[in-house]
Structures are given as C-alpha cells and as structure tokens.
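Letter by letter, the chains look like this.
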Amino acid sequence: MAEDLPPREAMEFDVVVVGGGPSGLAAAIRLKQLMPDAAICLVEKGSEVGAHILSGACLEPRALNELIPDWQEKGAPLDTPATDDRFLFLTATRAYRLPTPPQMHNHGNYIVSLGNVCRWLATQAEELGVEIYPGFAAAELLEEDGRIVGIATGDMGIGKDGQATETFQRGMELRARYTLFAEGCRGSLSKQLIHKFSLRDHCDPQTYAIGIKELWEVPPANHKPGLVEHTIGWPLDKGTYGGSFLYHFGNNLISYGFVIGLDYRNPWLSPFDEMQRFKTHPEVRRHFEGGRRISYGARALNEGGLQSIPRLTFPGGALIGDAAGFVNVPKIKGTHTSMKSGMVAAETVAEALAAGGTQDLANYETKLRESWVWDELSLVRNVRPSFAKFGLWGGLAYSAIDTYLLRGKAPWTFHHAHPDNDSLLDAQSAPRIEYPRPDGVLTFDRLSSVFISNTNHEENQPAHLQLADPGLAISLNWQRFRSPEARYCPAGVYEIVGADEGDPRLQINAQNCVHCKTCDIKDPAQNINWVTPEGGGGPNYPGGM
Ligand SMILES: Cc1cc2nc3c(=O)[nH]c(=O)nc-3n(C[C@H](O)[C@H](O)[C@H](O)COP(=O)(O)OP(=O)(O)OC[C@H]3O[C@@H](n4cnc5c(N)ncnc54)[C@H](O)[C@@H]3O)c2cc1C
Ligand code: SF4
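Conventions used here
- Residues numbered from 1 in each chain as written.
- Chains lettered and ligands numbered in written order.
- Predicted model: local features only at pLDDT ≥ 70, side-chain atom pairs only at ≥ 80, totals over all residues.
- Heavy atoms only, no water.
- Helix = DSSP H or I, 4+ residues; strand = E, 2+ residues; numbered from the N terminus.
- Rg over C-alpha atoms; globule rule 2.2 N^0.38 Å.
- Buried < 20%, exposed > 50% of the residue type's maximum accessible area, 1.4 Å probe, protein only.
- Contact = heavy atoms within 4.5 Å.
- Areas by Shrake-Rupley, 256 points an atom, 1.4 Å probe, with all protein chains shown as cover.
- Lys, Arg positive; Asp, Glu negative; His and termini not counted.
- Charge placed at Lys NZ, Arg CZ, Asp CG, Glu CD.
- Pairing = 2+ DSSP bridges.
- Right-handed = clockwise from strand over helix to strand, strands pointing away.
- Near = heavy atom within 4 Å.
- Polar contact = N/O pair within 3.5 Å; in protein donor to acceptor, adjacent residues only side chain to side chain.
- Nonpolar A, V, L, I, M, F, W, Y, C, P; charged D, E, K, R; others polar.
- Expected span 1.5 Å × (residues − 1).
- Bend = angle between axes of the 7 residues up to and from the residue.
- Axes fitted to C-alpha atoms, helices over the stretch in contact; angles between N-to-C directions.
- Parallel < 35°, antiparallel > 145°, perpendicular 65-115°, else oblique.
- Left-handed = near helix turned anticlockwise from the far one by under 90°.
- Salt bridge = Lys/Arg side-chain N within 4 Å of Asp/Glu carboxyl O.
- Phe/Tyr/Trp six-rings, centres within 6.5 Å; stacked < 30°, edge-to-face > 60°.

Draft legend 1. Broad picture of the overall build of the chain. Of the regular secondary structure elements, the chain holds 14 helices and 24 strands. Over its C-alpha atoms the chain spans a radius of gyration of 22 Å, differing by no more than 12% from the 24 Å that the globule rule assigns to 545 residues. Projecting the C-alpha coordinates of the chain onto the three principal axes gives extents of approximately 65 × 60 × 50 Å. Each of the 545 residues in the chain was classed as buried or not, and the buried ones make up 61%. Here the analysis covers contacts within the chain between residues at least 6 apart in sequence; of these, 77% occur between residues at least 24 apart. Approximately 21400 Å² of the chain is accessible, and the part contributed by carbon and sulfur atoms is 51%. Both charge centroids of the chain, one from 50 positive and one from 65 negative side chains, sit 7 Å from each other.

Okay, here's the thing in structure tokens:
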C-alpha cells in the first residue's frame, strides 16, 4: 500500500513538539520565551487541546510560577485553592481518619480541570507564536542517518482494508532540528524510541497504574470547595495498590477518581467495577447524593518514579513529561514535574539551536538531575516499591519510617522487580470477584460511561489496537487468564464472544477506546500494540475534566 501513496508534503521547523499536555505546552512556551524567532510547531491527537487530558487534578503551581509568574493576572483557570486535606482508611462499612502524610499536604495547591489549564496554556503558546495543530496524530518517526528529524502525521481516509477512501488525505512530514516527545504515559512513538535507542538499558522497568475518573455536579449542600480527600483500603485487598481521590472544586463540581496499580495479580479484578462499587460506601456516597454524573474517562499513569526514568535523549530529540515518567506517586502529582522537564528540555534545545542545532541534548538530563524534580523524586523513591514489597500495612509502616525518620535519605533504593504484564496469576488459582450490578444513579456500566466521554472514531479505518499474534488472544489470554482485557479495559473494547457455545473469540470494539493505554501495558504477552488512530479520534473530554 505505502508505495502506491503520493509523497507527503513536508514542513520545516526548528522544533516539533508531539503532544499538547502540560509538558509539551510548557516546553513550547519556554522555547518561545527564549527564542522568539524560532519556528515551533506542536501537534495534538485530540480534536482540540485538552480533549484527551485526564487528570485529578490537584495542581502544585511550582513549575507554572517559574514559567508564567503572572499567571493569575493572565487569567489562568486556577480558581479553587486546596483548603482541607483528609486521608482515610476504609473498611467495608467504616472510615478511619489517618494522619495526612506530608507529601499529601496541599496547602498552596489548586484544584483544577487540567484540560482547561492546557487549553489556557495553548492560548499563551499561540500568543507567543507557537503553531498548534490539534486533530493531528504523530504516527511515524522520521529518521535519517540514525537521527530523528521529525515526525509524520497519520494519513486520513484509509479504510479498514488498507485502501484509500474518497476522504483520503496524505499525512504531512513535520521536519525539525529537534523533536520533543510529550505524548504522556506510554506514548506510542516514545515506546518506539525507547526500543530503538535502548533508552531503558540502565533503569528499572516502568510500572503503571490505571486511573478512572468521573466528574460530578452535586447540590451546593454537599459541596465543600477546596476539600481534597484520599482513601486507601476497601474495596481493594491488601495486596493490591490503589485508592481514591475526591476533589471539590469550581461550581459545585467533584472530581472523583480511583487509581489501581497495574501490578495487580488477580486476573478477575476489574478496575472499572472497583471504581463503581467504591461509591456505594456510606462515607463516600454522601458526596454524590442528589448529584449527576457529567463526564467519564480513564488514563494510565506512571508509578516507577526515579528508578524507572529512562535515558532522556537520543540524536535529534528528547522525551519530556510522562512520556519519560516523572510522577511523584505519594503526592499523586506529575503535572508540575512534567512541566518542569519540558522547560528544562526547552532551555537545552535553545542553547543547542544557538550553537548550530546539530549537537545532542545530553545537557537536558544533566540539568534535570540538578533541578528540584530530581530532589523531589529522590526523596520519595522507596515509597511506592515498599507497597509492592511489604503489602498495604507493611508499606504504610515502611513509608512512615522512610518519610519521618529517614526523611527520604535511606542509604538504599528498592527496585521494581518486574514489569506489570508479568504479575497476573492463572485465573483458576485466583479468587473470582463478584461485582454488584450498577443502579444507573450512583453506579453505571461501561457503555453508558463511554457514551459520556464523547468518544468517537472513524469506523472505517485500520485497527489501532494491533495484535502481534491474534492466536494468543485465545490460546494464552483466554485459556490461562480468562481474558483479563475484558475486565481491565475501562471502555469495553475487548469482548469475548461465543464462549457459551464453546468457541470463544475476541471481538475488539476499537471505536470505544478512550486512549488510556492500559492494554498496551498490561497484556500478559505484550501482544497488544496501541498505535494512533486517525487524528481527532478518541475521547472529547469537556471543560471541567
Ligand atoms: C487519574 C489521574 C489523576 C492524576 N492526578 C493528578 C493530580 O491531581 N495532580 C497532578 O499534578 N498530576 C496528576 N496526574 C498526573 C498528570 O496528569 C500527568 O503527570 C500529566 O498530565 C503529564 O503531562 P504530559 O504533558 O507529560 O502528558 P499528558 O497530560 O498525558 O498529555 C499528553 C498529550 O499528548 C497527546 N498525544 C499523545 N500521543 C500523541 C501523538 N502520537 N500525537 C499527537 N498527540 C499525542 C495526548 O493526546 C495528550 O493531549 C494524574 C494522572 C491521572 C491519570
Ligand atoms: S482499548 Fe486499551 S487503550 Fe483503549 S480504552 Fe481499552 S485499555 Fe484503554
């Protein structure tokens, strides 16, 4: 097929940024602040900047203060200061308040819609002259003589059969002296770069979690603007890492999310159903009473921390933000560190461009190691792995010692033993989990949830969820694990049909995909490869998410 296509048109830039999240936008803005005449282009696969942004979000404004010190006067949508932190341990019927760990103190932070913050950052970038192209997915790396020289956006109007349809439009080559990859957690081109340049040779495997979120509008009587509540415990068992967040903000809005470490072992576990049943807890349901659910979405996040940061640069470019993985897990925050990494990368690129634009960006990594990002991640590096090592109570006890007594300076570092796709038990040796049926008021099913994520994909296009070996879907995933993808996918994309007739087959409803990337991470044999669908496809998260 490829040889039948017309050649692509090319555009030349100084820098191309892939991804319009906080890290990509911060990088683009910093570059323009330093080099007003530089030609900077940013591509975003969502239909608009913000359409694919899913976060909590409680924002620590440290990086923003450095990037745009007068953000308040410029109207940044940081309207709800965090005023009250609550940290709870839940049993099935009770809630116990625990001392809030220092990392979870949110004084000075803001509860925001990160999508709206990104929309605002995009206007700031455009005012400085950054060219932003939403609705364009970076689908292919451009490489010449071992150097990355830009990306190509995906072709539009290719049918399921691989042939051009009447809406066919060839992708563009966006060529640049430097390309910054800001695709967020488990970026599809970033994954190729990590492999191509062996960027993970000297670090631990990355580990992940899935975060599933709902946005609710509640009666004013239930609403306490500025309340930040986190829980651990029920409904998860003691060997499964995770918990909830509830942020009250804006105009009677609650951002509710449940996060589960993807190193979970029981293949019967369904993160979506855990998230739904959590709301039925007496301590939790009162937040939602009389309210209405406005939106829904899901996204993976990095949990590996310092030990899992790959080499950040390669000839012609760098990884920034969650594409590399700078989330501070005990804080459940990665926006400020992602932005800072983008800013430091931009400063290095500006120096490199001024010096001719051919040298590598190794200085970016050196500078980042000297920045507060590294200090911050270093102090918490043992917290998340301690839960994998010692379970819930052991992890809590260890983290208290590490934080209060050792102050993050333990002379040892715990490592992540294996990647998340390695952790599942066989289905027959794991306890089955029965989940309650949704009531349609407080709890919901997958399809009505995906509906309010406004997810949309052109149906006639090649599959963007590619199975390297289609046979494994049954011979391994079904036979051994009873198809965990049917449970961990928060959008009902993977369905087993024909099992009752003794002929199980995997059906992939790709048009429902909310781009969370969980299948790319958790599939036991790494048989599922997520590639970009046509630009503009995927969720359309509204303002507020
Ligand atoms: C449920 C959840 C709750 C969280 N809560 C918080 C919180 O309260 N506070 C906090 O600070 N952090 C939180 N985080 C983490 C925070 O959201 C991330 O650290 C941050 O968004 C990372 O920014 P980024 O720009 O690197 O990536 P992202 O925000 O993921 O943005 C990446 C962008 O790139 C686009 N993109 C990806 N691939 C391509 C491609 N090939 N072509 C074109 N565009 C592409 C995506 O559509 C997206 O818009 C949370 C994360 C989750 C999932
Ligand atoms: S198909 Fe994969 S990326 Fe898409 S929603 Fe399901 S788990 Fe997430």
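Next comes the rest of the description.
Draft legend 2. Representation of the pairing of strand 1 (residues 9-18). Here nine bridges tie strand 1 to strand 13 (residues 172-181), and the two strands are oriented parallel to one another. Along strand 13, the bridge assignment pairs Val17 with Leu180. Crossover strand 1 to strand 2 (residues 40-44) through helix 1 (residues 22-34) is right-handed.

Draft legend 3. Representation of the site of ligand 1 in the model. Near ligand 1, the surroundings consist of 37 residues, among which Ser23, Glu44, Ser55, Cys58 and Asp322 are the closest. Between ligand 1 and Glu44, the relevant distance is 2.6 Å, taken from an oxygen atom to a side-chain nitrogen or oxygen of the residue. Taking 1000 Å² as the accessible area of ligand 1 by itself, protein coverage stands at 98%. Residue assignment for the shell around ligand 1 shows that the elements contributing at least two residues are helix 1, strand 2, strand 16 (242-249), strand 18 (292-302) and helix 7 (335-354). Its residues assigned to classes, the shell around ligand 1 comprises 17 nonpolar, 14 polar and six charged.

Draft legend 4. Structural context of the site of ligand 2. Lining the immediate surroundings of ligand 2 are 14 residues, of which Cys489, Cys513, Cys516, Lys517 and Cys519 lie closest. Among the residues making up the shell around ligand 2, the classes are represented as 11 nonpolar, two polar and one charged.

Draft legend 5. Structural view of helix 10 (residues 383-405). Taking 1.5 Å of rise per residue, the 23 residues of helix 10 would be expected to cover 33 Å, yet its terminal C-alpha atoms sit only 13 Å apart, more than 12% below that figure. Where helix 10 bends most, at Gly391, the angle is about 130°. Tucked inside the fold, the buried residues of helix 10 contact strand 5 (84-90), strand 15 (227-233), strand 17 (253-261) and helix 9 (372-379).

Draft legend 6. Looking closely at the sheet that holds strand 18. Pairing is mixed across the open sheet formed by seven strands, whose spatial order is 6-5-15-16-17-14-18. Edge positions in the open sheet fall to strand 6 (95-98) and strand 18, since each of these has one partner strand only. For this sheet the average axis-to-axis angle between neighbouring strands, irrespective of direction, equals 20°. As judged from the eight bridges shared by strand 16 and strand 17, these two strands associate in the antiparallel manner. Paired with Ser244 across the bridge in strand 17 is Phe258.

Draft legend 7. How the structure looks around the side chain of His457. Tracing the sequence through the fold places His457 in the loop between helix 11 (446-451) and strand 21 (465-467). By relative accessible area, which is 6% here, His457 ends up buried. His457 has contacts with His464, Ala510, Gln511, Cys513, His515, Pro533, Gly537 and Gly538, leaving out every residue within four places of it along the chain.

Draft legend 8. Structural detail: the environment of Phe89. Tracing the backbone shows Phe89 in strand 5. For Phe89, a relative accessible area of 13% corresponds to the buried category. C-alpha of Phe89 to C-alpha of Trp234: the two residues are 145 residues apart in sequence and 7.8 Å apart in space. Excluding anything up to four places from it in sequence, Phe89 contacts Arg94, Ala95, Tyr96, Leu98, Ile232, Gly233, Leu392 and Trp393.

Draft legend 9. Structural context of the packing of helix 7 against helix 8 (residues 362-370). Between helix 7 and helix 8, whose axes approach to 9 Å, the crossing angle comes to 135°. Classed by the angle they form, the pair helix 7 and helix 8 counts as oblique. At the point where helix 7 passes helix 8, the crossing takes the right-handed sense. Taking contact as the criterion, the partners of Ser341, Val344, Ala345, Glu347, Thr348 and Glu351 in helix 7 are, on helix 8, Asn363, Tyr364, Lys367 and Leu368. Here the residues of the contact of helix 7 with helix 8 sort into four nonpolar, three polar and three charged.

Draft legend 10. Fine view of the side chain of Glu214. Tracing the backbone through its elements, the reader meets Glu214 in strand 14 (residues 208-217). Reaching out from Glu214, the side chain makes a polar contact with the side chain of Gln276 at a distance of 3.0 Å. Here the side chain of Glu214 touches Arg293 through a polar contact of 2.8 Å, side chain to side chain. Excluding residues that lie within four positions of it along the chain, Glu214 makes contacts with Ile254, Ser255, Tyr256, Met275, Gln276, Lys279, Arg293, Ser295, Tyr296 and Phe444.

Draft legend 11. Here's a closer look at the pattern of salt bridges. Going through the model one piece at a time under the given rule, you end up with 31 salt bridges. A salt bridge links Glu283 to Arg286; its shortest N-O distance comes to 2.9 Å. Placement of the pair is Glu283 and Arg286 together in helix 6 (residues 282-288), with a separation of three residues, close to one helical turn. Here the salt bridges do not stand alone but share partners, grouping Arg8, Glu12, Glu140, Glu144, Glu173 and Arg175 into one network.

Draft legend 12. Fine view of the packing of aromatic side chains. All chains considered together, the criterion is met by 16 aromatic pairs. Ring geometry for Phe197 and Phe314: centres 5.3 Å apart, planes at 15°, overall stacked. On the criterion of sequence distance, the pair formed by Phe197 in the loop between helix 4 (188-196) and strand 14 and Phe314 in strand 19 (residues 313-314) is long-range, its members being 117 residues apart. Judged by relative accessible area, which is 15%, Phe197 ranks as buried.

Draft legend 13. Expanded view of the environment of Pro438. Secondary-structure assignment places Pro438 in the loop between helix 10 and helix 11. Residue contacts for Pro438: discarding those within four places in its chain leaves Thr443, Phe444 and Asp445.

Draft legend 14. Local environment of the sheet that holds strand 3 (residues 58-59). On the basis of which strands lie adjacent, the open sheet formed by three strands has the order 3-7-4 and antiparallel pairing. Two strands lie at the open edges of the sheet, namely strand 3 and strand 4 (80-81), each paired on one side alone. In terms of strand pairing, strand 3 meets strand 7 (residues 110-111) through two bridges, oriented antiparallel. Note that in strand 7 the partner of Cys58 across the bridge is Ile111.

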